Amino acid sequence: MFNIIKSDFYRVPKCKNLIIALIIMLLLIGTSIYLIEAGGISMSVSIEPSDVGAGEVAEEYENEYQYTGVNGSMSEIRETTKKYLKGYELDRDILRWNINLYYVFIFIAVMAVSSDFSNGSVKNTLSSAISKRKYFISKLSFVVMGCLIFFYLNTFIMYFANLIVNGKEFSAGFRTVMEISLMQLPVVIALAGILNALAFICRKTAIFNTVAIPLVFIAQMSIDLLCRLVGKNVGTVKTENSFANYEADRMFRLLANNPTGIYVARCYIVCFAAFILFSTVGYNV
Amino acid sequence: MEDIVLKTDKLTKKYGKFTALDSADIVIRRGSIYGLIGRNGAGKTTLMKMIAGLSDKTDGSFELFGRPDAELENVKKRIGCLIENPAFFPNMTAYQNLRYYAIQKGIVDRELINNALKTVKLDDNAGKKFKSFSLGMKQRLGIAFAIMDNPDFVILDEPINGLDPIGISEMRDTIKRLNEEEGVTFLISSHILSELYSVAESFCIIEKSKIIKQFTKEELDAECGKCIEIQTDDSSKAVWVIENVLHSSDYKVIDKNRLKLYDHLEDSFSVNRIMIENGINVYGIVEKGLTLEDYFITLVEEVQHDV
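Every chain is numbered independently, its residues counted from 1 as its sequence is written. Chain A is the first chain written and ligand 1 is the first ligand written, with later ones labelled in order. Given that this is a predicted model, residues contribute local features only at a pLDDT of at least 70 and side-chain atom pairs are listed and counted only at 80 or more, while totals for whole chains, interfaces and linings are drawn from all residues. Here the side-chain values reflect all heavy atoms present in the structure, with hydrogen atoms and water set aside.

Colleague: Sorry, what's going on with the overall build of chain A here?
Modeller: Strands here are runs of E lasting at least two residues and helices are runs of H or I lasting at least four, both read from the DSSP assignment and numbered beginning at the N terminus. A tally of regular secondary structure across chain A gives 15 helices and zero strands. Note on exposure labels: buried denotes an accessible area under 20% of the residue type's maximum, exposed denotes more than 50%, and partly exposed covers the range between, all computed with a 1.4 Å probe on protein chains only. Going through the 285 residues of chain A one by one, you find that 51% of them count as buried. The criterion used for residue contact is that any of the two residues' heavy atoms lie within 4.5 Å. In chain A, once contacts between residues fewer than 6 apart in sequence are set aside, the share between residues at least 24 apart is 77%. Only the protein chains shown count as cover for residues, and all accessible areas are computed by the Shrake-Rupley method using a 1.4 Å probe. Counting every atom, chain A has about 13300 Å² of accessible surface; 67% of that belongs to carbon and sulfur.

Spelled out as structure tokens, the structure:
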């Protein structure tokens, strides 16, 4: 089993996909840090005062934005943002957007599992090196490891790049960043488990991509629909919220925002259940 | 102790209601080359896949190196396989592909990779990407993969597919050399029966998911190898002459007017003369010999006729 993981560490760095995944990750970090806006892609202002931890300046910032307008050059927008959002913990906010990494994780599952099935090379491994059970466990281990490596690479690069480019006043501090990343760890592992299972279920890369790419939207829509249905039946808004909070995107966001102990514990249970459920299904396909 | 490499006992594979292989019983002895013959979809690859651990059996069992199929993982490192088309990572070179599998198999000695590439004459193309390989080169890389770690038992499914005549000849020599010099046991399937005949010692014909015949090369030669076919007015009288005058029991009566004699093959003129001297009317006497292909077709037709 160890040899299979070792062989994947030999092969995967030779894949072009790895370079693409790294570029995507660095682009997300780079744009987020340069524009001082988590998410890194959108130029629109979507900062909620409660999220940034600098409520009093956010309103002023919104006004200034209306004055400067989004037509200003990127450097102008950046300077305005820096001026009015001092104390904005950008690194914490970027961690809230870690659902973006899901798309990077897809690359890992494709490189580790789907390519093996698509090329048919899986039969070489199964016929001469290992059993199906150990093959599944090896691939699961590799995908989880790969996702964790990318997750921490993203965290460290983002933290230090933010420190260098924007300075201390835009950072929550190394300890906080590490605490948040540790809290988000089960979500990353659950996503890795889900993607690995999907790769085993779909087998071919094209089918896997078709399923995995829109999965986050589908999950969000389904949970939203479920919440509305259940919420309507029960007649409370509270139920709707509690359901929705255990969707991956929400978990990333809320776990980065000083969550309660109960919420963290529930997130861990949800992640563990999802990991076990999907891995069991993936193994048995 | 390990004289028998593979022994299957009523090995069966079903996909829903479709039976891909029905109660297959074969025995492969150590150091032999065993040929699997059958039409497309007959069940050859299914049998190979089950032995290689790529497919689960539905019923029956098999033993590999004396170990039951439940312990297949323990003996997997002793087998090398090339089943269906050779599949490797297109963006990796031939060497990198083999190195990847060498790591999986726990092979430390990289020289084994170079030796395998040399054996299949791919050492000059070791640095070329798999996607740029011709079909023949891909096939040879597949064989290099199968023999890389000096296995005791090699399973090759259509190994000469896509090879040019020189490649086929080289492949035949390689298989024979590995078998004779290193005692490697082979299970080979091929549609090119003349090639299979030239390397294999035992054969198994599968038709419609069932094993219809197993025989050795000697048995095949005896049954459909060279013979003298005698056309006469009375086979029973001719039999008396063969037994009492020619002193041979190596014959087969086909019908009341035809029989085959497997002796005196070089002297059909004398056989004809003796028959006539003993009052037998000989209408025709010809030297005949079925090839493996003819034999296979005959058997398959018999099965179809029975059904």
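Next, the rest of the story.
Colleague: What is the right way to look at the environment of Val 271 of chain B in this model?
Modeller: Residues and elements named next belong to chain B. Tracing the chain through its elements places Val 271 in helix H10 (residues 268-277). Considered as a pair, Val 271 and Leu 246 are 25 residues apart in the sequence and their alpha carbons are 8.0 Å apart. Once residues lying within four places of it in the same chain are set aside, the contact partners of Val 271 are Ile 228, Ile 230, Leu 246, Leu 261, His 264 and Ile 285.

Colleague: Could you clarify how one ought to interpret the pattern of salt bridges in this entry?
Modeller: Side chains bearing opposite charge may pair, as long as their charged atoms lie close to each other. Residue and element names in this part refer to chain B. The salt bridge definition used is simple: a Lys or Arg side-chain nitrogen within 4 Å of an Asp or Glu carboxyl oxygen. In total, this model carries 19 salt bridges over all chains according to the counting rule given. Arg 78 is the salt-bridge partner of Asp 152, the closest N and O atoms lying 2.8 Å from each other. One end of the pair, Asp 152, is in the loop between helix H5 (135-147) and strand S8 (153-157); the other, Arg 78, is in the loop between helix H2 (72-75) and strand S7 (79-82), with 74 residues separating them in the sequence. Residue Asp 152 is classed as partly exposed on the basis of its relative accessible area, which comes to 29%.

Colleague: What am I meant to see in the packing of aromatic side chains here?
Modeller: In this description, an aromatic ring pair is defined by two values, namely the gap between the centres and the angle between the planes. Only rings of Phe, Tyr and Trp enter the pairing, Trp through its six-membered ring, and a pair is recorded when the two centres are within 6.5 Å. The plane angle decides the type: under 30 degrees is stacked, over 60 is edge-to-face, the rest tilted. Inspection of every chain in the model, using the stated rule, returns 23 aromatic pairs over all chains. Between Phe 88 of chain B and Phe 145 of chain B, the aromatic rings sit 6.0 Å apart at their centres with planes inclined by 80 degrees, giving edge-to-face as the arrangement. With Phe 88 of chain B in the loop between S7 and helix H3 (94-105) and Phe 145 of chain B in helix H5, the pair connects residues that are 57 residues apart, well separated along the chain. Of the two residues examined, Phe 88 of chain B and Phe 145 of chain B, each falls in the buried class. Chaining the aromatic ring pairs together yields one cluster made of Phe 88, Phe 89, Tyr 100, Tyr 101, Phe 130, Phe 133 and Phe 145 of chain B. Its guanidinium or amino end placed over the ring of Trp 97 of chain A, Arg 253 of chain A lies 4.9 Å from that ring's centre, counting from NZ or CZ. Criterion for a charge above a ring: Lys NZ or Arg CZ within 6 Å of the ring centre, and within 35 degrees of the ring normal.

Colleague: When you look at a negative patch on the surface in this model, what are you seeing that I'm missing?
Modeller: Residue and element names in this part refer to chain B. Patch membership is restricted to residues that have no salt bridge and whose relative accessible area is over 30%. Joining uses 9 Å for like charges and 5 Å for the nonpolar side chains Val, Leu, Ile, Met, Phe, Trp and Tyr. The positive count covers Lys and Arg only, the negative count covers Asp and Glu only, and His and the chain ends enter neither. The location of each charge is read from NZ of Lys, CZ of Arg, CG of Asp or CD of Glu. Together, Glu 180, Glu 201, Glu 218, Glu 219 and Asp 221 make up a region of like negative charge exposed at the surface. The biggest single contributor to the negative patch is helix H8 (residues 217-224), with three residues. Secondary-structure assignment places Asp 221 in helix H8. We classify Asp 221 as partly exposed; its relative accessible area is 35%.

Colleague: Could you clarify how one ought to interpret the nonpolar core in this entry?
Modeller: Where a protein is soluble and globular, its nonpolar side chains tend to be buried together. The criterion is simple. A nonpolar core is a set of buried Ala, Val, Leu, Ile, Met, Phe, Trp, Tyr and Cys residues joined through side-chain atoms within 4.5 Å. In this structure, Phe 105 and Phe 208 of chain A together with Leu 47, Leu 64, Phe 153 and Leu 187 of chain B are the most contacted members of the largest nonpolar core, which totals 104 residues. In terms of residue count, the dominant contributor to this core is helix H10 (residues 174-202) of chain A (15 residues). Residue contacts for Leu 47 of chain B: discarding those within four places in its chain leaves Thr 8, Leu 11, Leu 21, Ala 24, Ile 26, Leu 36 and Ile 206 of chain B. One finds Ile 143, Ile 188, Ala 200 and Leu 292 of chain B within the second-largest nonpolar core, a separate group that totals 55 residues.

Colleague: Any chance you could explain the sheet that holds strand S13 (residues 251-255) of chain B here in plain terms?
Modeller: Strands belonging to one sheet form pairs held by backbone hydrogen bonds; the direction of such a pair is parallel or antiparallel. Residues and elements named next belong to chain B. The rule for pairing is simple: two strands pair if DSSP sees at least two bridges between them. Taken in spatial order, the four strands of this open sheet run S13-S14-S12-S15, and their pairing is antiparallel. The sheet terminates laterally at S13 and strand S15 (282-289), the two strands that pair on one side only. This sheet shows a mean twist of 20 degrees between the axes of neighbouring strands, independent of strand direction. Bridging between strand S12 (residues 226-232) and S15 involves seven bridges; their strand directions are antiparallel. The residue bridging Thr 232 from the neighbouring strand is Val 282, located in S15. Against the sheet, H10 engages S12, strand S14 (258-261) and S15, with an angle of about 150 degrees to S15. Lines fitted to C-alpha atoms define the axes, with helix axes restricted to the stretch in contact, and inter-axis angles between N-to-C directions lie between 0 and 180 degrees.

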